[in-house]
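Fold and contact review
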Amino acid sequence: MPELLPEVAALRLVDHHCHGVVRRDLSRDGFEALLTEADGPSPLGGSLFDTQAGLAVRRWCAPVLGLPRHAEPEEYLARRAELGHAEVTRRLLRAAGLGGLCVDTGYAPRPSLSPAELAEAAGAPGYEIVRLERVAEEVAGTGVSATGFADRVRERLAGRVHAGGGRTAGAGQGPEAEAGGGRVVGAKSVAAYRTGLALAPDRPGPREVAAAAGRWLAGVRPDAPARLADEVLHRFLVYAALDLGLPVQFHIGYGDSDVHLARANPVLLTDLLRATAGAGVPVVLLHNYPYHREAGYLAQVFPHVFADVSLATHNLGRRAGALLAEALELAPFGKLLYASDACGLPELYHLGAALFRRALSELLRAGLEDDSWTERDAGRIAGMVGAGNARRVYRLPA
Amino acid sequence: MPELLPEVAALRLVDHHCHGVVRRDLSRDGFEALLTEADGPSPLGGSLFDTQAGLAVRRWCAPVLGLPRHAEPEEYLARRAELGHAEVTRRLLRAAGLGGLCVDTGYAPRPSLSPAELAEAAGAPGYEIVRLERVAEEVAGTGVSATGFADRVRERLAGRVHAGGGRTAGAGQGPEAEAGGGRVVGAKSVAAYRTGLALAPDRPGPREVAAAAGRWLAGVRPDAPARLADEVLHRFLVYAALDLGLPVQFHIGYGDSDVHLARANPVLLTDLLRATAGAGVPVVLLHNYPYHREAGYLAQVFPHVFADVSLATHNLGRRAGALLAEALELAPFGKLLYASDACGLPELYHLGAALFRRALSELLRAGLEDDSWTERDAGRIAGMVGAGNARRVYRLPA
Amino acid sequence: MPELLPEVAALRLVDHHCHGVVRRDLSRDGFEALLTEADGPSPLGGSLFDTQAGLAVRRWCAPVLGLPRHAEPEEYLARRAELGHAEVTRRLLRAAGLGGLCVDTGYAPRPSLSPAELAEAAGAPGYEIVRLERVAEEVAGTGVSATGFADRVRERLAGRVHAGGGRTAGAGQGPEAEAGGGRVVGAKSVAAYRTGLALAPDRPGPREVAAAAGRWLAGVRPDAPARLADEVLHRFLVYAALDLGLPVQFHIGYGDSDVHLARANPVLLTDLLRATAGAGVPVVLLHNYPYHREAGYLAQVFPHVFADVSLATHNLGRRAGALLAEALELAPFGKLLYASDACGLPELYHLGAALFRRALSELLRAGLEDDSWTERDAGRIAGMVGAGNARRVYRLPA
């Protein structure tokens, strides 16, 4: 295997979309359940270690735990248990070589590390991405009226942005940071999982929002968590974030079995993207696989659209290079970001970073070898894709 | 060209989805009409030998007939006529190196070899896949009532499974096998060709089935073959097969000009797959091109979903490696099967197998060369993908 | 970088779909606005020179202007200004090595070179592609009645075909050619941009056309240009062209931000392609990215369907080889055409040709190296794809 391009090896990657990791040791079934987007291994299909992601864990993570490359799954899990989850997390997040991380705190089915704890483990500043639907669902739980809903959501969202202030999660950042909150630098919509991405383009009017909120709130039961799935309200949330100047991330494409890919294709956002281009606030298409070429197209033709290939990068293992090459066919080099979408397993922080570095290095080296660009171009592109674009989108300090 | 990986070269592939081959000699036009999914060569487009599949026949099949590699089409067809179809079939099926074959007997527009004859020619046990719509169409031809339809179909399907008993088609398997029937190990739905794959998720109730059957049967004419195209009834058939524990194959994607790709995307099955996951009976997505990445996703997230890249493998010729690599980005190695989907031409049995071996060898060797996995991993994966997965799905003897 | 295959290097490519180039010098912003399908560089995304297309311009076009490969953008633009647009155009079109060009004259938002001027610059015969919607819009501006609309359109279209006669644009072709008109050899539909490609299959009847024309004409205002967007009328236009024996090009997939990819997928044309197969007049699917595999499928199964990978070829830069390889998985070698879709910048004529040659050479050489075909096959395929197929489709002299 060729060495990484030095400019790529030296990058402190900004991981602009990631999640907490679990704060406990894991059984083999528990580990496999967090490894891919399957719920867990099935008797019909066999172990999920027999996937590109599973083989990549053995290849890339075993050495970080002090094992030979390609350690067998049982050996890997035994060593993991021996070190304990805290040490495993510290080693793997440190190995990712990050220069910053933006943590989506909206999904935490299990007790997980906070942005501040992740930042501490990674040795890099942490920021927060607020999940829009969660904000709405929190407001729904407060007994708000339909007509008051929009203002309460806007206030709560603005409050989240304010509360973080200029503070950044991480070591020595004061009590709030240690309590888990990082500065909010962006918002995320999971409309893809709820109504699908065929959102209408226009900003919904106050009466339209109140009517939709009324319908939704009428069905919310006090004894069950509210779950938003309403086209008008997803759209309202997107505009509320854009109004605050918050970059909006959209889940696109690949996810677990709850997503329906036919409703998660980024081209379904075309009309909304056209309508929001003028606002000058970034919209970031997450994951995208297998629609990463479509995402590249949108990133080219709309001035405010960005894309990544997170989640897929570590799930594709050694095919991450093919993925990145396809995404960067149409996406300008100033429009593609790095993210891991790591969730649950600290392995995914390291895997995402290691495979992305390898993919980016392969791509740039191939162009150097056939004289498609210069070393100087390659270095500039590496810096943009690995960190600069994310710093520009989320206005992170250099 | 590098040698095949020894573990791949030694594989006795299980071809889990294939069809009969014609029992006659063929003119050039007749041969070209069976070579790809085009009806035949067109004056505008020229010879179908000028396709990836056509070039691959000259490369891979000519030597099996005793000709130099890349023999010209006329030379190839002359040699084929000289040997005669029976000898050509025997040579090409034997060259495929099969360890078993599951024959879809539901489509036979021309007099074709039976499963037993194919098994004999291939020197490997033959099994049968029963086409669900054909069973329904046979029942429709018996004068059944709308209310009796569901039971008659279930009985007939169960009867087909029973009739095959433990017998396997092939040499020395007794009179039933020689008469053509192999043991039924799975069922196939061609809903993609009829109503499209956007099937509702739930098992249709008895009254719903009776009403749909009534509408359909009212239009069936005694002087024309019945043709089923009804969403409720396709869905009923799928559940009827799953109830018997029969793995259900779905035609997906690539086919002839009668298919409409917009209705043949595997993601359209998402809701049905979610609804049937609990039953623990395999569902197998056939062909899938150009939606093989989508199929890989479904095979990852649903415990009972499997996929193949049949039909496309031989049609893509030397690009079969790119295809397999994409399908295996998300599909676990325990979820991808080998099949040729050979139909009409015995060449397609050999081409499918030869190109699949080459593709699998390339994929595994590339991973070995860049240290993504070990020789032991590569050998295990080859065994799963080439034969083990199919034996597990269809419960075939080892 | 390996040398081009000699048969590919020697090809005089027929560029079967291209546009005029601007007749003025360009600022940096003006140049970037014409470089990709983005409207221009954005403050969020940075310079469009940092795209595959931008890097490819510096690599491939700089030497044609007498600069070193990879000249920096400012240096490139300074040299361009120094030479002047006329000389730059002459050099770049000449460097493309064309044997003919078919110019779509239906879109010219800026003063652009005529087919005759392009032919003169390229040193190759020029032909014309008439845009169907433009013909209808011209007729709409004449005060035609709804019932007279169909006949007026058919007459005007026939008149355009007639007017060109046997004449070919180019040096020494007489006054008409110099006035800009080349012989009309095909028609183009931009239904993808207007109603989308989900056109019904059947030829619309006279009353249906008159009714649709009535609805459209009622909304046409004398002080604004008419803009057709009516499913019945797009379809009527396609049939009107086929009736004249004119090959019909369809915009498919990739374009600027006005296109909606969900409505520009070529599979949406399936029913119309099935309905028109019998007429024996070619239908050509343009661009197709990211649906070029779908286009390859359609080109295989329908006798009259052809495809290209224009526009994407130069936008993908060094990835053009991956694109062509995917398009040629299913498309017969007799069904794929070369085109640049160059528009505005003369660079795109040269880039399209240079990158297509490289892609075709890579593809053919890879097959030679792993013994998938012979030198003779490679030469024949190069000739078909680079020129022969286009000559057959548009009945161009050899």
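Under the annotation held in an unreviewed UniProt entry, chain A carries the name Amidohydrolase-related domain-containing protein and is attributed to Planomonospora venezuelensis.

A tally of regular secondary structure across chain A gives 18 helices and seven strands. Taking 398 residues into account, the globule formula puts the C-alpha radius of gyration at 21 Å, and chain A, at 21 Å, falls close to it. Counting only C-alpha atoms, chain A reaches 60 × 50 × 50 Å along its principal axes. Taken across its 398 residues, chain A has 64% of its residues classed as buried. Across chain A, the fraction of contacts at a sequence separation of at least 24, relative to all contacts at a separation of at least 6, is 76%. Carbon and sulfur atoms make up 51% of the accessible area of chain A, which totals about 12,800 Å². Treating the 43 positive side-chain charges of chain A as one cloud and the 46 negative ones as another, the clouds have centres 3 Å apart.

Attention shifts here to helix α4 (residues 73–83) of chain B. All names here are of chain B. Residues of α4 that are buried include every one of Pro-73, Tyr-76, Leu-77 and Arg-80, and no others. The buried residues of α4 occupy one face: seen down the axis, they fall within an arc of 95°. Buried residues along α4 sit in contact with α2 (28–35), α3 (52–61), α5 (85–95) and α17 (347–369). Once α4 finishes, Gly-84 follows within two positions and takes phi at roughly 85°, a positive value.

Glancing now at the pairing of strand β5 (residues 248–252) of chain C. Residues and elements named next belong to chain C. Within β5, five of the five residues are buried, which leaves the element mostly enclosed by the surrounding structure. Neither face of β5 is exposed, since Val-248, Phe-250 and Ile-252 on one face and Gln-249 and His-251 on the opposite face are all buried. Here five bridges tie β5 to strand β6 (residues 283–287), and the two strands are oriented parallel to one another. Among the inter-strand pairings, Ile-252 is bridged to a residue of β6, identified as His-287. Note on the crossover from β5 through helix α13 (residues 270–276) to β6: the handedness is right-handed.

Right, let's get into the UniProt feature "domain: Amidohydrolase-related" (unreviewed entry) in chain A. The positions UniProt marks with the feature "domain: Amidohydrolase-related" (unreviewed entry) are residues 198–396 of chain A. Here residues 198–396 of chain A is 50% helix and 7% strand, with 31 Å between the C-alpha atoms at its ends.

On to helix α17 (residues 347–369) of chain C. Along its 23 residues, α17 of chain C runs 32 Å from first to last C-alpha, staying within 8% of the 33 Å computed at 1.5 Å per residue. Burial analysis of α17 of chain C places 18 of its 23 residues in the buried class, the great majority of the element.

This part takes up the pattern of salt bridges. A side chain with one charge can pair with a side chain of the opposite charge if their charged atoms come near. Residues and elements named next belong to chain A. Tallied over the entire structure, the rule returns 99 salt bridges over all chains. Among the ionic pairs, Glu-155 bridges to Arg-152, the shortest N-O distance being 3.0 Å. One end of the pair, Glu-155, and the other, Arg-152, are both in helix α8 (residues 149–164), three residues apart, so they sit about a helical turn from each other. Among the residues examined, Arg-152 registers a relative accessible area of 36% and is labelled partly exposed.

Before going further, it helps to spend a moment on the sheet that holds β5 of chain C. Residues and elements named next belong to chain C. In space, the eight strands of this open sheet follow the order β1-β2-β3-β4-β5-β6-β7-β8, with parallel pairing throughout. A strand with exactly one partner marks an edge of an open sheet, and here the two such strands are β1 (13–18) and β8 (336–337). Running at roughly 130° to β1, α17 makes contact with β1, β2 (98–104) and β8 of the sheet.

Glancing now at the interface of chain B and chain A. Counting residues at the interface gives 38 residues for chain B and 38 residues for chain A. Per-residue buried area on chain B facing chain A is highest for Arg-293, Tyr-297 and Glu-329 of chain B; these three make up 18% of the total on that side. Our count for the contact surface shared by chain B and chain A stands at nine salt bridges. A salt bridge links Arg-59 of chain A to Asp-371 of chain B, with the shortest nitrogen-to-oxygen separation between them at 3.6 Å. Those elements giving two or more residues to the side of chain B that touches chain A turn out to be α13 (270–276), α14 (292–301), α16 (320–327), α17 and α18 (375–394) of chain B. Among the elements that make up the side of chain B that touches chain A, the one with the highest residue count is α18 of chain B (six residues). Residues of the side of chain B that touches chain A, tallied by class, amount to 16 nonpolar, eight polar and 14 charged.

Below, the discussion takes up the relation of the copies chain A and chain C. The two copies are related by a screw motion: chain A maps onto chain C through a turn of 120° and a shift of 0.0 Å along the axis, at an RMSD of 0.0 Å. Classification of the inter-copy transformation places it as that of a three-fold axis. Among all residues of chain A, the minimum C-alpha distance to the rotation axis is found for Ala-322 of chain A, at 5.9 Å. Little of the interface of chain A is mirrored in chain C: 3% of its interface residues are interface residues there too.

Residues and elements named next belong to chain A. As summarised here, the arrangement of the seven strands in space is β1-β2-β3-β4-β5-β6-β7, forming an open sheet in which the pairing is parallel. Pairing within the sheet leaves two strands with one partner each, and these edge strands are β1 (13–18) and β7 (305–307). Here the average twist between neighbouring strands, direction ignored, is 25°. Where strand β6 (residues 283–287) lies against β7, three bridges are found, and the strand directions are parallel. Paired with Val-283 across the two strands is Val-305, which belongs to β7.

All names here are of chain B. Here Thr-313 lies in helix α15 (residues 312–315). Assessed through its relative accessible area of 2%, Thr-313 is described here as buried. One polar contact links the side chain of Thr-313 to the main-chain carbonyl oxygen of Val-309, over a distance of 2.7 Å. If sequence neighbours within four positions are ignored, Thr-313 has contacts with Ala-320, Leu-323, Gly-352, Leu-355 and Phe-356.

Residues and elements named next belong to chain A. When the domains of chain A are assigned, the result is domain 1 (6–24 + 96–394) and domain 2 (26–83). Look at where the C-alpha atoms of domain 1 and domain 2 centre, and you get two points 26 Å apart. Between domain 1 and domain 2, the residue contacts involve 25 residues of the former and 15 residues of the latter. For the pair domain 1 and domain 2, the summed buried surface comes to about 1,600 Å²; carbon and sulfur atoms form 64% of the total. Contact with domain 2 buries surface across domain 1, with Leu-345, Glu-347 and Leu-351 losing the most and accounting together for 32% of the total. Counting across the interface, domain 1 meets domain 2 through one salt bridge. We note a salt bridge from Glu-347 to Arg-80, for which the minimum N-O separation is 2.7 Å. Taken together, the connections running from domain 1 to domain 2 amount to four residue pairs in polar contact (both at pLDDT 80 or more). Listing elements by their share of the side of domain 1 that touches domain 2, those giving two or more residues are α15 (312–315) and α17 (347–369). Top contributing element to the side of domain 1 that touches domain 2 by residue count: α17, with seven residues. Considered class by class, the residues forming the side of domain 1 that touches domain 2 number eleven nonpolar, seven polar and seven charged.

About the thresholds
- Residues numbered from 1 in each chain as written.
- Chains lettered and ligands numbered in written order.
- Predicted model: local features only at pLDDT ≥ 70, side-chain atom pairs only at ≥ 80, totals over all residues.
- Heavy atoms only, no water.
- Helix = DSSP H or I, 4+ residues; strand = E, 2+ residues; numbered from the N terminus.
- Rg over C-alpha atoms; globule rule 2.2 N^0.38 Å.
- Buried < 20%, exposed > 50% of the residue type's maximum accessible area, 1.4 Å probe, protein only.
- Contact = heavy atoms within 4.5 Å.
- Areas by Shrake-Rupley, 256 points an atom, 1.4 Å probe, with all protein chains shown as cover.
- Lys, Arg positive; Asp, Glu negative; His and termini not counted.
- Charge placed at Lys NZ, Arg CZ, Asp CG, Glu CD.
- Arc of directions from axis to C-beta.
- Pairing = 2+ DSSP bridges.
- Right-handed = clockwise from strand over helix to strand, strands pointing away.
- UniProt positions renumbered as here; feature names shortened; annotations may be inferred.
- Expected span 1.5 Å × (residues − 1).
- Salt bridge = Lys/Arg side-chain N within 4 Å of Asp/Glu carboxyl O.
- Axes fitted to C-alpha atoms, helices over the stretch in contact; angles between N-to-C directions.
- Buried area = accessible area lost by both parts, 1.4 Å probe.
- Nonpolar A, V, L, I, M, F, W, Y, C, P; charged D, E, K, R; others polar.
- Least-squares fit on C-alpha atoms with pLDDT ≥ 70 in both.
- Polar contact = N/O pair within 3.5 Å; in protein donor to acceptor, adjacent residues only side chain to side chain.
- Domains from an automatic or database assignment.

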